[in-house]
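One-letter residues, chain by chain:
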Amino acid sequence: MDPVRPEFIPDPSSSREEMETLQRTVADEAIFADEFPFDPATVSMANTLTATTGDSPIVVGIDQAFLDERAVGAVVALRDGEVVERASAAVDCEFPYIPGLLSFREAGAIVAALEALDAEPDLAVFDGSGRIHYREAGLATHLGVVFDLPSIGVAKSLLCGTPRGSLDGRSEGARVAIDADEDVEEVEGTIGYALQTRQYDSGNRHINPVYVSPGHRVGPETATDLVEQLCDGYKLPEPTRLADSHAATAKGEFGEQARNDGS
């Protein structure tokens, strides 16, 4: 899979001002509304193929891990809940962890992993934010625009924005809008949702929600619907859960290869 807008690939050697300017440009190019060719009802962990819907879409989960001074990008492609392909890549990690600039640390390995993918995905689900970002250009938005790929960000913590209501002890399936606040530049209104994908039956323990935001060519409501459809009894949607597992496996394989090369 080749980038459509390679000029937007994050460059970790840029100055901070250049990075933030690029993110604003990416956000201007991003489409935070539904613009995809597939029926969202066919995005599922089960076979939804019918005579009228045609082939089910291919959904990729994207995650990353770190090995010494390298980032490891991992992609898992699924159709109807079945894995059809896995891809991974390791590249030198030239940039430290800075909130709001995650794509400049992680994008290189993910771009390389997507370039190694033979399947043509219809939707990407990232472990990271999309529009829930200081400049509306989290990892899912940035790389969604680079590949012009419908994309969604699913984060475990809230980078910015304010929940419209309490998130405490919400029942499974509940969602709370996340509104832009003073940390988000020049934006008003809903930028994503807190989604309660799982919850304990007992009130003694609670599971925290995930934070879903549109990356590119998907609106906030549809993004949240799709993530809920892709959960398979776990807190995280199955594509990113499997990508996390593949990232750990790939990290071990790249580490072993490095040890063998050095012996």
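Every value quoted in this text rests on a predicted model; they were computed, and no experiment measured them.

A. The UniProt feature "site: Interaction with target DNA" (unreviewed entry) in the protein, seen in detail. Look at the UniProt record and you will see "site: Interaction with target DNA" (unreviewed entry) annotated at Tyr-97. As for its position among the elements, Tyr-97 is in the loop between strand S3 (82-92) and helix H2 (103-115). Residues in contact with Tyr-97, not counting those within four places in the same chain, are Leu-102 and Arg-105.

B. Examining the environment of Arg-217 more closely. Relative to the helices and strands, Arg-217 resides in the loop between strand S9 (210-216) and helix H4 (220-230). By relative accessible area, Arg-217 is classed as buried at 14%. When the C-alpha positions of Arg-217 and Asp-148 are compared, they lie 8.2 Å apart, and in sequence the two are 69 residues distant. With near-sequence residues (within four places) excluded, Arg-217 lies in contact with Ile-31, Ala-33, Asp-34, Glu-35, Phe-36, Pro-37, Asp-148 and Pro-150. Of note is the side chain of Arg-217, whose polar atom sits 2.7 Å from the backbone oxygen of Glu-35.

C. Structural detail: the packing of aromatic side chains. The final tally for this structure, using the stated rule, is two aromatic pairs. Each ring, one from Phe-36 and one from Phe-38, has its centre 4.4 Å from the other, and the planes form 15 degrees; the classification is stacked. Relative accessible area serves as the criterion here: at 11%, Phe-38 is assigned to the buried category. With centroids separated by 6.4 Å and ring planes inclined at 55 degrees, the aromatic side chains of Phe-95 and Phe-104 adopt a geometry described as tilted. On the basis of relative accessibility, which here comes to 11%, the residue Phe-95 falls in the buried class. We classify Phe-104 as buried; its relative accessible area is 4%. When the ring centre of Phe-66 is taken as origin, the NZ or CZ atom of Arg-105, which lies over that ring, is 4.3 Å away. Arg-241 extends its terminal NZ or CZ atom over the ring of Tyr-234, reaching a point 3.7 Å from the ring centre.

D. View of the sheet that holds strand S4 (residues 123-127). Within the open sheet, the nine strands sit side by side as S3-S2-S1-S4-S5-S9-S8-S7-S6. Their pairing is mixed. Two strands in the sheet have a free side with no partner beyond their single neighbour: S3 and strand S6 (162-163). The pairing of strand S8 (residues 190-195) with S9 spans three bridges and is classified as antiparallel. Bridge pairing in S9 links Leu-195 to Val-210. Seen against the sheet, helix H3 (residues 139-147) touches strand S1 (58-67), S4, strand S5 (151-155) and S9 and runs at an angle of roughly 25 degrees to S9. Sitting on the sheet, H4 is in contact with S1, S4, S5, strand S7 (175-179), S8 and S9, with an inclination near 20 degrees to S8.

Parameters and conventions
- Residues numbered from 1 in each chain as written.
- Predicted model: local features only at pLDDT ≥ 70, side-chain atom pairs only at ≥ 80, totals over all residues.
- Heavy atoms only, no water.
- UniProt positions renumbered as here; feature names shortened; annotations may be inferred.
- Helix = DSSP H or I, 4+ residues; strand = E, 2+ residues; numbered from the N terminus.
- Contact = heavy atoms within 4.5 Å.
- Buried < 20%, exposed > 50% of the residue type's maximum accessible area, 1.4 Å probe, protein only.
- Polar contact = N/O pair within 3.5 Å; in protein donor to acceptor, adjacent residues only side chain to side chain.
- Phe/Tyr/Trp six-rings, centres within 6.5 Å; stacked < 30°, edge-to-face > 60°.
- Lys NZ or Arg CZ within 6 Å of the ring centre and 35° of its normal.
- Pairing = 2+ DSSP bridges.
- Axes fitted to C-alpha atoms, helices over the stretch in contact; angles between N-to-C directions.

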